[in-house]
Amino acid sequence: MAKAKPSSSAAAAKPAATAAPATVHSALVTYSSMLALLSLCPPFVILLWYTMVHADGSVLKTYEHLREHGLVEGLKAIWPMPTAVAWKIIFGFGLFEAVLQLLLPGKRFEGPISPTGNVPVYKANGLQAYAVTLITYLGLWWFGIFNPAIVYDHLGEIFSALVFGSLVFCIFLYIKGHVAPSSSDSGSSGNLIIDFYWYEMNGRVADSMLVNTALMLIYITKFFWWESGYWCTMDIAHDRAGFYICWGCLVWVPSIYTSPGMYLVNHPVNLGPQLALSILLAGILCIYINYDCDRQRQEFRRTNGKCSVWGKAPSKIVASYQTTKGETKTSLLLTSGWWGLSRHFHYVPEILSAFFWTVPALFSHFLPYFYVIFLTILLFDRAKRDDDRCSSKYGKFWKMYCNKVPYRVIPGIY
Ligand code: NDP
């Protein structure tokens, strides 16, 4: 849970309108991509679920269905309505997590300072909540109270409920951002679409199956353990909690990131122990490297550069920048270790781990790989957006970093 606390002299925060988000792409690209995402993502989620679960992962089969019935009627025919079971699962899970968030202890964690000088404060109890959730889930299954298969059996209805529920939630955030903003970081851009998309700042927001399940568990553990800081890094700190973040986290991530698993339920393959183990180990290695990149950067910042990076004193750039209030501050940029290979090397193992998660689906269909392709585009775009943000924040110091570490993501290539 994030509460924005004003930093030292943030009492005189800038007027709300100055907190409006700046867009990185041109206005035409920004508006058309926002409109496209707002209107296309909900049907896409349902079509992806339908294709994975009811059409053997075959885009052609789904296309035939839509051609035969027409786009609107065909979509209506496959779009499941939210059911009472679906709402019970969503609200039961949501309520349980909210209670854990409030009751479980956790260290106080301060997120990065916002453009108007607020420091979001979090309770870092994500890993504990994850462990309790997992134990409760297994316990309920073990004692026959809850059958996990019910989630898969009602997946379409759950996604449908999430689609509608999240849209309502985003509208609520939009209105709240106007009438009761959480902090001085809220503010209207003057454009309804941009506001809806980005509104409230700092919101609160067989062996193939075995390989997949094991990787998923390790990945999710890493996510809760390490990336709880992710919620208060670039996305939440610099993008706002509107459709992009809220709808993305509530609907897009649970439906797209699990899609290879949806396919594997009905199409398990026998990879043989050697291949299965190799895929599992390759996936674990990628998750570890991704974790180690994040750890290296955070350790470097936490110790103010007084740590060892790959057995040596780190090489660094001392970068100064100005806050929106005109104060001069300094940050350290690590230029050795993983951060000396490329400026966003940690995205390479992130993408590869998604690949190893998907590869048990083998290659008869393209669609299980949609997740990897989507993640690749997302992270390459994110790397560019982060570079642009850092370039405007650090100016000549970021240029020095780019000269020293010329590649953005893949060393020697890009
Ligand atoms: P990063 O960990 O890449 O942090 C980016 C910030 O770090 C920059 O904005 C800058 O912030 C600072 N920084 C940049 N270069 C350096 C450097 N050389 N030395 C020190 N600090 C630097 O943020 P992400 O949120 O992108 O990634 C966090 C984790 O989340 C990663 O593991 C990533 O793979 C994962 N992720 C997963 C996604 C998914 O969908 N699966 C999507 C996005 C991320 P500052 O202003 O403080 O200088």
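- Under an unreviewed UniProt entry, the chain has the name 7-dehydrocholesterol reductase and belongs to Panicum virgatum.
- Under the UniProt heading Sequence similarities (unreviewed entry), the note attached to the chain is "Belongs to the ERG4/ERG24 family."
- As stated in UniProt under Subcellular location (unreviewed entry), the record for the chain gives "Endoplasmic reticulum membrane".

### Concerning the site of the ligand
Next up, step 1: Taken together, 28 residues surround the ligand, and among them Asp294, Tyr347, Glu350, Asp386 and Tyr394 come closest.
Next up, step 2: Contacts to the ligand include Asp294, whose side-chain N or O atom sits 2.5 Å from an oxygen atom.
Next up, step 3: Counting residues per element, the ones that place at least two in the shell around the ligand are α9 (207–226), α13 (273–302), β5 (328–334), α15 (347–358), α16 (370–394) and α17 (396–404).
Next up, step 4: For the shell around the ligand, the residue count by class is 15 nonpolar, 3 polar and 10 charged.

### As for the pairing of β5
Next up, step 1: Where strand β4 (residues 316–322) meets β5, 7 bridges bridge the pair, whose relative direction is antiparallel. Residue pairing for β5: Ala319 is matched across the bridge by Ser331.
Next up, step 2: Taken together, β4 and the strand that follows it, β5, pair antiparallel across an intervening segment of 5 residues, in which Gly326 is found at a positive phi of about 90°.

### Side note on the packing of aromatic side chains
Next up, step 1: All chains considered together, the criterion is met by 23 aromatic pairs.
Next up, step 2: The interplanar angle of 65° and the centroid separation of 5.3 Å between the aromatic rings of Trp252 and Phe374 together place this pair among those described as edge-to-face. Of this pair, Trp252 sits in helix α11 (residues 243–256) while Phe374 sits in helix α16, and the two are 122 residues apart along the sequence. Each member of the pair, Trp252 as well as Phe374, carries the same accessibility label: buried.
Next up, step 3: Ring pairing ties together the aromatic residues Phe44, Trp252, Tyr257, Trp357, Phe370, Tyr371 and Phe374, which thus form one cluster.
Next up, step 4: Positioned above the aromatic ring of Tyr321 is the side chain of Lys393, whose terminal nitrogen or guanidinium carbon lies 4.4 Å from the ring centre.

### A look at helix α1 (residues 27–54)
Next up, step 1: Its 28 residues place the ends of α1 39 Å apart at the C-alpha level, agreeing with the 40 Å of an ideal helix rising 1.5 Å per residue.
Next up, step 2: Phi turns positive, to about 55°, at Asp56, one or two residues after α1.

### Side note on a nonpolar patch on the surface
Next up, step 1: A surface patch of nonpolar side chains, about 830 Å² in accessible area, is lined by Tyr137, Leu138, Leu140, Trp141, Trp142, Phe143 and Ile145.
Next up, step 2: Among the structural elements, Leu140 can be located in helix α5 (residues 126–142).
Next up, step 3: The class of Leu140 is partly exposed, set by a relative accessible area of 31%.

### Digging into the pattern of salt bridges
Next up, step 1: Considering all chains together, one arrives at 10 salt bridges under this definition.
Next up, step 2: We note a salt bridge from Asp56 to Lys61, for which the minimum N-O separation is 2.6 Å.
Next up, step 3: Overall, the relative accessible area of 44% leaves Lys61 in the partly exposed class.
Next up, step 4: The salt bridge partner of Asp381 is Arg385, with a shortest N-O separation of 3.5 Å. Within this pair, Asp381 and its partner Arg385 are both found in helix α16, separated by 4 residues, close to a single helical turn.
Next up, step 5: Relative accessible area serves as the criterion here: at 30%, Asp381 is assigned to the partly exposed category.
Next up, step 6: Classification of Arg385 by relative accessible area gives buried; the value is 13%.
Next up, step 7: One continuous salt-bridge network, built from bridges that share partners, spans Arg343, Asp387 and Arg408.

### Examining unusual backbone geometry
The general pattern is negative phi for most residues beyond glycine and trans for most peptide bonds.
Next up, step 1: Even without being glycine, Trp310 reaches a positive phi, approximately 50°.
Next up, step 2: Looking at the secondary structure, you find Trp310 in the loop between α13 and β4.
Next up, step 3: Phi at Leu362 is positive, roughly 55°, even though this residue is not glycine.

### Examining the UniProt feature "transmembrane region" (unreviewed entry) in the chain
Next up, step 1: On the UniProt side, "transmembrane region" (unreviewed entry) is annotated at positions that read residues 28–50, 85–106, 127–146, 158–175, 209–226, 241–259, 271–291 and 354–380 here.
Next up, step 2: For residues 28–50, the helix share is 100%, the strand share is 0%, and the end-to-end C-alpha distance is 32 Å.
Next up, step 3: Across residues 271–291, helical content stands at 90% and strand content at 0%; the span's end C-alpha atoms are separated by 28 Å.

Rules used in this analysis
Residues numbered from 1 in each chain as written. Predicted model: local features only at pLDDT ≥ 70, side-chain atom pairs only at ≥ 80, totals over all residues. Heavy atoms only, no water. UniProt positions renumbered as here; feature names shortened; annotations may be inferred. Near = heavy atom within 4 Å. Polar contact = N/O pair within 3.5 Å; in protein donor to acceptor, adjacent residues only side chain to side chain. Helix = DSSP H or I, 4+ residues; strand = E, 2+ residues; numbered from the N terminus. Nonpolar A, V, L, I, M, F, W, Y, C, P; charged D, E, K, R; others polar. Pairing = 2+ DSSP bridges. Phe/Tyr/Trp six-rings, centres within 6.5 Å; stacked < 30°, edge-to-face > 60°. Buried < 20%, exposed > 50% of the residue type's maximum accessible area, 1.4 Å probe, protein only. Lys NZ or Arg CZ within 6 Å of the ring centre and 35° of its normal. Expected span 1.5 Å × (residues − 1). Patch = residues over 30% accessible without salt bridge, like charges linked within 9 Å, V, L, I, M, F, W, Y side chains within 5 Å. Areas by Shrake-Rupley, 256 points an atom, 1.4 Å probe, with all protein chains shown as cover. Salt bridge = Lys/Arg side-chain N within 4 Å of Asp/Glu carboxyl O.

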